[in-house]
Amino acid sequence: MHDKTLSELASALDAGEFSSRELAETLLTRIDRFDGNLNSFISVTPDQALAAADRADAARARGEAGPLTGMPLAIKDLFCTEGVKTSAGSRMLDNFISPYDATVVEKLKAAGTVSLGKTNMDEFAMGSSNENSFYGPVKNPWDTEAVPGGSSGGSAAAVAAGLVPAAMGTDTGGSIRQPAAFCGITGLKPTYGRVSRYGMIAFASSLDQAGPMARTAEDCALLLGAIAGHDLRDSTSVARGVPDYIEELAAPLNGLKIGLPREYFGDGMDPEVEAAVREAVKVYESLGATVREVSLPHTHYAIPAYYVIAPAEASSNLSRFDGVRFGHRCDNPEDLIDLYKRSRAEGFGEEVKRRILIGTHTLSEGFFDAYYKKAQQVRRLIRQDFLDAFEEVDVLMSPASPTPAFDLGARKDPVSMYLQDIYTIAVNLAGIPGISVPAGFSGGRPMGGRPIGLQILGTHFAEARLLNVAHQFQQATDWHRRRPAIAEETL
Ligand code: GLN
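These numbers were taken from a predicted model, which means no experiment stands behind them.

Draft legend 1. Representation of the side chain of Ser 398 within the structure. Here Ser 398 lies in strand β9 (residues 395-399). For Ser 398, a relative accessible area of 1% gives the class buried. Setting aside its immediate chain neighbours within four residues, Ser 398 contacts Tyr 264, Phe 265, Val 277, Tyr 423, Gly 453, Leu 454 and Gln 455.

Draft legend 2. Representation of the site of the ligand within the structure. What surrounds the ligand is a group of 15 residues, the closest being Ala 125, Gly 173, Ser 175, Tyr 306 and Arg 355. Note that a nitrogen atom of the ligand is positioned 2.8 Å from one of the side-chain N or O atoms of Ser 128. Take Arg 355: an N or O atom from its side chain is 2.8 Å from an oxygen atom of the ligand. Compared with its free state, where it exposes 290 Å², the ligand has 99% of that area covered by protein. A per-class count over the shell around the ligand returns 5 nonpolar, 7 polar and 3 charged.

Draft legend 3. The pairing of strand β4 (residues 166-171), seen in detail. Counting buried positions along β4 gives 6 out of 6 residues, so the element sits mostly inside the fold. Side chains Ala 166, Met 168 and Thr 170 project from β4 onto one buried face, and the interleaved Ala 167, Gly 169 and Asp 171 project onto a second face that is buried too. As paired strands, strand β2 (residues 72-76) and β4 are joined by 2 bridges and run parallel to one another. Looking across to β4, one finds that Ala 74 is bridged to Ala 167. Pairing analysis gives 6 bridges linking β4 to strand β6 (residues 209-214), with the strands arranged antiparallel.

Draft legend 4. Structural view of helix α5 (residues 153-160). Of all the 8 residues making up α5, 8 are buried; the element is thus mostly covered by neighbouring parts of the structure. For α5, every residue scored as buried is listed here: Gly 153, Gly 154, Ser 155, Ala 156, Ala 157, Ala 158, Val 159 and Ala 160. Of the residues one or two after α5, Gly 162 is the one with positive phi, at around 75°.

Draft legend 5. Region of interest: unusual backbone geometry. Following Gly 150, the chain continues to Ser 151 via a peptide bond in cis, the omega torsion being 5°. Within the secondary structure layout, Ser 151 lies in the loop between β3 (114-119) and α5. Unusually for a residue other than glycine, Phe 124 sits at a positive phi of about 50°. Note that Phe 124 resides in the loop between β3 and α5. Given the relative accessible area of 1%, Phe 124 is considered buried.

Draft legend 6. Representation of the pairing of strand β11 (residues 451-457) within the structure. Within β11, 7 of the 7 residues are buried, which leaves the element mostly enclosed by the surrounding structure. Side chains of β11 alternate between two faces, with Pro 451, Gly 453, Gln 455 and Leu 457 and Ile 452, Leu 454 and Ile 456 buried alike. The pairing of β9 with β11 spans 4 bridges and is antiparallel. Counted as the bridge partner of Ser 398 is Gln 455 from β11.

Draft legend 7. Expanded view of the environment of Lys 4. With respect to the element layout, Lys 4 can be found in the segment before α1 (6-14). In this structure, the C-alpha to C-alpha distance between Lys 4 and Pro 414, residues 410 residues apart in sequence, is 38 Å. If near-sequence neighbours (up to four positions away) are discounted, Lys 4 is found in contact with Leu 9, Ala 12, Phe 18, Pro 165 and Arg 215.

Draft legend 8. Looking closely at the sheet that holds strand β10 (residues 434-441). With mixed pairing, 11 strands are arranged side by side in an open sheet as β1-β3-β2-β4-β6-β5-β10-β11-β9-β7-β8. The strands lining the two open edges of the sheet, one partner per strand, are β1 (41-44) and β8 (290-294). Each strand axis lies, on average, 30° off the axis of its neighbour in the sheet, ignoring direction. Direction of pairing for strand β5 (residues 186-189) relative to β6: antiparallel, over a ladder of 2 bridges. Within β6, the position partnered with Gly 187 by the bridge is Met 213.

Draft legend 9. Region of the structure containing the packing of aromatic side chains. The final tally for this structure, using the stated rule, is 16 aromatic pairs. Taking the centre distance of 5.8 Å and the plane angle of 90° together, the rings of Phe 182 and Phe 406 count as edge-to-face. Placement of the pair is Phe 182 in helix α6 (residues 177-183) and Phe 406 in the loop between β9 and α13 (414-418), with a sequence separation of 224 residues. In this structure Phe 182 comes out as buried when scored by relative accessible area, which is 1%. By relative accessible area, Phe 406 is classed as buried at 7%. Seen in terms of ring centroids, Phe 321 and Phe 348 are 6.4 Å apart; in terms of plane orientation they differ by 90°. Their pairing is edge-to-face. Of this pair, Phe 321 sits in the loop between α9 (302-317) and α10 (336-347) while Phe 348 sits in the loop between α10 and α11 (350-363), and the two are 27 residues apart along the sequence. When sorted by exposure, Phe 321 lands in the same class as Phe 348, which is buried. Taken together, the aromatic side chains of Phe 96, Phe 124, Phe 321, Phe 326 and Phe 348 make up a single cluster linked through ring pairs. Taking NZ or CZ as reference, Arg 411 lies 4.4 Å from the ring centre of Phe 406, over its face.

Thresholds, definitions, all that
Residues numbered from 1 in each chain as written. Predicted model: local features only at pLDDT ≥ 70, side-chain atom pairs only at ≥ 80, totals over all residues. Heavy atoms only, no water. Helix = DSSP H or I, 4+ residues; strand = E, 2+ residues; numbered from the N terminus. Buried < 20%, exposed > 50% of the residue type's maximum accessible area, 1.4 Å probe, protein only. Contact = heavy atoms within 4.5 Å. Near = heavy atom within 4 Å. Polar contact = N/O pair within 3.5 Å; in protein donor to acceptor, adjacent residues only side chain to side chain. Areas by Shrake-Rupley, 256 points an atom, 1.4 Å probe, with all protein chains shown as cover. Nonpolar A, V, L, I, M, F, W, Y, C, P; charged D, E, K, R; others polar. Pairing = 2+ DSSP bridges. Axes fitted to C-alpha atoms, helices over the stretch in contact; angles between N-to-C directions. Phe/Tyr/Trp six-rings, centres within 6.5 Å; stacked < 30°, edge-to-face > 60°. Lys NZ or Arg CZ within 6 Å of the ring centre and 35° of its normal.

Structure follows, in structure tokens:
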């Protein structure tokens, strides 16, 4: 049962093959057995999980089950979860038990899902490898020498390893799509404003967005339907109806216009990654799509603009961690300044401190116009590039990441890590949605290598189209059905 997708689980639960409780118990045992080495969870919450599973079984017995009733999930430890530690992967919040639920968590509970626990992540979602977690790195289930990607690496690894069928992630510059690609699963970053950010610990507020990570586009569609929508508690969430994402999956792709951004295919793209993406594009052509090259002329400025805007917003958001209101507090402070200084020095890790320093600098008087304001102007140009491209084509395709998963410890300097996000970051700056789907493996071996992800981008609020385009690919290929050896192991 650990190998099934959400839609397969729903049929099995409806048919009475097993109960939600049995399902939750099996997966909890798998976590116990296999997660020691992978480290994909920060907290496992069996008591809450079994209580929720019992409620789901009771609802099903009353004939009140919806499509997600009794579905086990894991939630990135960036989402506030009532009564459960919510650490953001940081020592700063190692002692923080959230008194309330994030809107995403609240909606998933209302849909009857069963959270098994909170997943590991880069500290405050800053990173591309999960090596920045206070709780230690996560290992890639396909190859434990490799990183799982970041920052939602725990969520991606847990799904890939068969510990949960789906998980929640967040994406500020690629943190859903890149780990999905590295772990061979499907991950969707919705349009900015599609999903409420309330209760999601803020990294860069104008870029952060929550989204589903699962084995198939169909499962992502189910989950997006449950979490999307307007929320009065998040003024940036958009008051716009939520379509039936499942209904739209079946639309044929005849006449679909695909654009390949010229600036993406070139230096820095691993040849195996390029070959896999070009192969995937051929599959689309066989399904009736047409392909042309398009240009996103400001691509080159995306990483520099992001690394001004994201740290600026982070430095502001993270000022609330002062050792007074919540989180880590140093021992025996001499005075208030000492309390602030030492609590923050002890609570934050190296990458977070680096970003706070950069952000504080670029926002300071005399530098604001040169850095922050300029970066916002560049951002507008990047957004316009995408809007122009979507005048010509329906979707854009590229790799999610220039390389397959790299080795743990292989990227030590921050800049080479930042370059990981070359194909994902502009998407957050523009606010458009993107999805990553499994599209091959490195090493020329269908199973022995590391997964490669195809990224599909659409214009604002085109999630239904992206899910449809991803789903049709998954009807024609079986990359999403490949499992690492650890997921094949039975209890
Ligand atoms: N890797 C990027 C960063 O470190 C993006 C992270 C994210 O999307 N949360 O900022």
